[in-house]
Structures are given as structure tokens and as C-alpha cells.
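Geometric and topological summary
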Amino acid sequence: MSESPTTFAEKLAFLIETMHPDSRGPYDDEELARALGVSRQYVWQLRTGRRDEPRHSVAMKIVRFFGVPDDYFVNDDTTVAVMRQVQDLLQRRDGVPGGTDPRDDVELRRLTLRILGLSAEEREKVSSVVEEIRSYEARSRRHRPRRKPARPDET
């Protein structure tokens, strides 16, 4: 997208078009309605702009469903940051020969978008945890610390 969307419908359309498993197309109104606990007609109204703003509870269900920050629909800076992040991920995925597992793709997008809402200090903590996990996974199984509980002392 060259321009940032300004209406709720445009922002929702971006999520619908991009935030779906790679192995399938975008969610349809019926699928979203079931996931959000609303009618198909209500989803259609939101998606087409016939209804400008949803109830707050529905907006929160939408952001949770797509895994974007809570202020995605109300803060244009957040919307632009999310759009750039998603587009970067899609380009990176599409540029990698063989791609990735489609199930990982959606989770990767959601995880990345959740990280956007964290402070610099919180992002550093997440980064440290990820590095510890990668370091652990890189070791051969023989050299990994055992996770079995210690035996109780026999006295």
C-alpha cells in the first residue's frame, strides 16, 4: 500500500488482505463473524464502510484476532508501523527460496506486531530470551542441560 489507510474500513481491509495463512486466501465475512461473535452482515458493514466505527468490544476482538496492537485502528502512527512491518515480512518471506511453513508465517506476523507495542526495555528482554532459546537449540542434544527434576536426597 502506497498510502496509509484513513478509515476503519481501509484499515480492516489491510488486515483481511494480509493477515491470513499463506496456504489460503483472506478470511471471508462468515469466518470473521464466527471468530468475532457478530453477524456476517455487521462484518460486511465494517469492511465496506457502511458502518464507520464498530463497538469498542468488537474492535478489541478484531485486533486480538489479527494480533495487532490495541491502538491499530485509532493511532495512525501505529497503523503505518504495522503496515510497514507486515509488508517487510511478506517481502522477506517471498524472497526466501522455498518460503516458510504457512502456520509459522501467521504466528510470525502476530508475534512481530505484538512486539511493536513494547517499550525499548521490554523489546531488549524479548530479544535476550530469543537469543537464549536460539543458543540452546544450536547445541547438540548431548550438550544441552537436562530438564529432569533432581532426585530427592535419600537419607
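For the structure, check the block above.
Structural notes, computed from the coordinates. (Residues numbered from 1 in each chain as written. Predicted model: local features only at pLDDT ≥ 70, side-chain atom pairs only at ≥ 80, totals over all residues. Heavy atoms only, no water.)

**A word on the side chain of Thr79**
- The residue Thr79 is located in helix H5 (residues 76–95) in this model.
- A relative accessible area of 0% means that Thr79 is categorised as buried.
- Apart from residues lying up to four places away in sequence, Thr79 is in contact with Pro5, Lys11 and Tyr72. (Helix = DSSP H or I, 4+ residues; strand = E, 2+ residues; numbered from the N terminus. Buried < 20%, exposed > 50% of the residue type's maximum accessible area, 1.4 Å probe, protein only. Contact = heavy atoms within 4.5 Å.)

**Regarding the packing of aromatic side chains**
- Under the defined criterion, the tally for this structure stands at five aromatic pairs.
- Considering the side-chain rings of Tyr27 and Phe66, the 6.3 Å spacing of their centres and the 70° angle between planes classify their relative orientation as edge-to-face. One end of the pair, Tyr27, is in the loop between helix H1 (8–18) and helix H2 (29–36); the other, Phe66, is in helix H4 (residues 56–66), and 39 residues separate them in sequence. No difference in accessibility class separates Tyr27 from Phe66, as the two residues are buried.
- Aromatic side chains Tyr72 and Phe73 sit 5.0 Å apart centroid to centroid with 80° between the ring planes, which places their arrangement in the edge-to-face category. Here Tyr72 and Phe73 have matching classes, each one buried.
- Ring pairing ties together the aromatic residues Phe8, Tyr72 and Phe73, which thus form one cluster.
- Positioned above the aromatic ring of Tyr42, the side-chain terminus of Arg55 is 4.9 Å from the ring centre. (Phe/Tyr/Trp six-rings, centres within 6.5 Å; stacked < 30°, edge-to-face > 60°. Lys NZ or Arg CZ within 6 Å of the ring centre and 35° of its normal.)

**Overview of the layout of surface pockets**
- Taken as a whole, the largest pocket encloses approximately 260 Å³ of empty space.
- Along its surface, the largest pocket is lined by Leu111, Ile115, Arg123, Val126, Ser127, Val130, Glu131, Ile133 and Arg134.
- Put simply, the parts of the chain that give the lining of the largest pocket at least two residues each are helix H6 (102–116) and helix H7 (120–138).
- The element best represented in the lining of the largest pocket is H7, accounting for seven residues.
- Of the residues in the lining of the largest pocket, the class split is five nonpolar, one polar and three charged. (1 Å grid on protein atoms, 1.4 Å probe; cavity = no way out; pocket = protein on both sides within 12 Å on 5 of 7 lines; lining within 4 Å. Points joined across faces, edges and corners; volume = space filled by probe spheres on them. Nonpolar A, V, L, I, M, F, W, Y, C, P; charged D, E, K, R; others polar.)

**A closer look at the packing of H1 against helix H3 (residues 40–48)**
- Axis separation between H1 and H3 bottoms out at 6 Å; the angle between their running directions is 110°. Our classification of the angle between H1 and H3 gives roughly perpendicular. Facing Phe8, Ala9, Leu12 and Ile16 of H1, the residues of H3 in contact are Leu46, Arg47 and Thr48. (Axes fitted to C-alpha atoms, helices over the stretch in contact; angles between N-to-C directions. Parallel < 35°, antiparallel > 145°, perpendicular 65-115°, else oblique.)

**Quick word on the environment of Phe73**
- Positionally, Phe73 belongs in the loop between H4 and H5.
- Measuring from C-alpha to C-alpha, the distance between Phe73 and Ala59 comes to 7.9 Å, with 14 residues separating the pair along the chain.
- Dropping the residues within four chain positions of it, Phe73 is found in contact with Phe8, Lys11, Leu12, Leu15, Ala59, Ile62 and Val63.

**Points about the nonpolar core**
- The biggest cluster of nonpolar side chains holds 28 residues, and the ones touching the most others in it are Leu15, Ile62 and Phe66.
- Those elements that place two or more of their residues in this core are H1, H2, H3, H4 and H5. (Core = buried A, V, L, I, M, F, W, Y, C linked by side-chain atoms within 4.5 Å.)

**Considerations on the pattern of salt bridges**
- Summed over the entire model, instances satisfying the criterion amount to five salt bridges.
- Across the pair Arg47 and Asp29 runs a salt bridge whose closest N-O atoms are separated by 2.8 Å. With a gap of 18 residues between them, Arg47 in helix H3 and Asp29 in helix H2 connect regions that are remote in the sequence.
- Its relative accessible area of 30% is what places Arg47 among the partly exposed residues.
- One salt bridge in this structure joins Arg34 and Glu30, with 4.0 Å as the shortest N-O distance. Here the residue Arg34 and the residue Glu30 both occupy positions in helix H2, the gap between them amounting to four residues, near one helical turn.
- By relative accessible area, Arg34 is classed as exposed at 59%.
- Three or more residues joined by partner-sharing salt bridges are found here, namely Glu30, Arg34 and Arg40. (Salt bridge = Lys/Arg side-chain N within 4 Å of Asp/Glu carboxyl O.)

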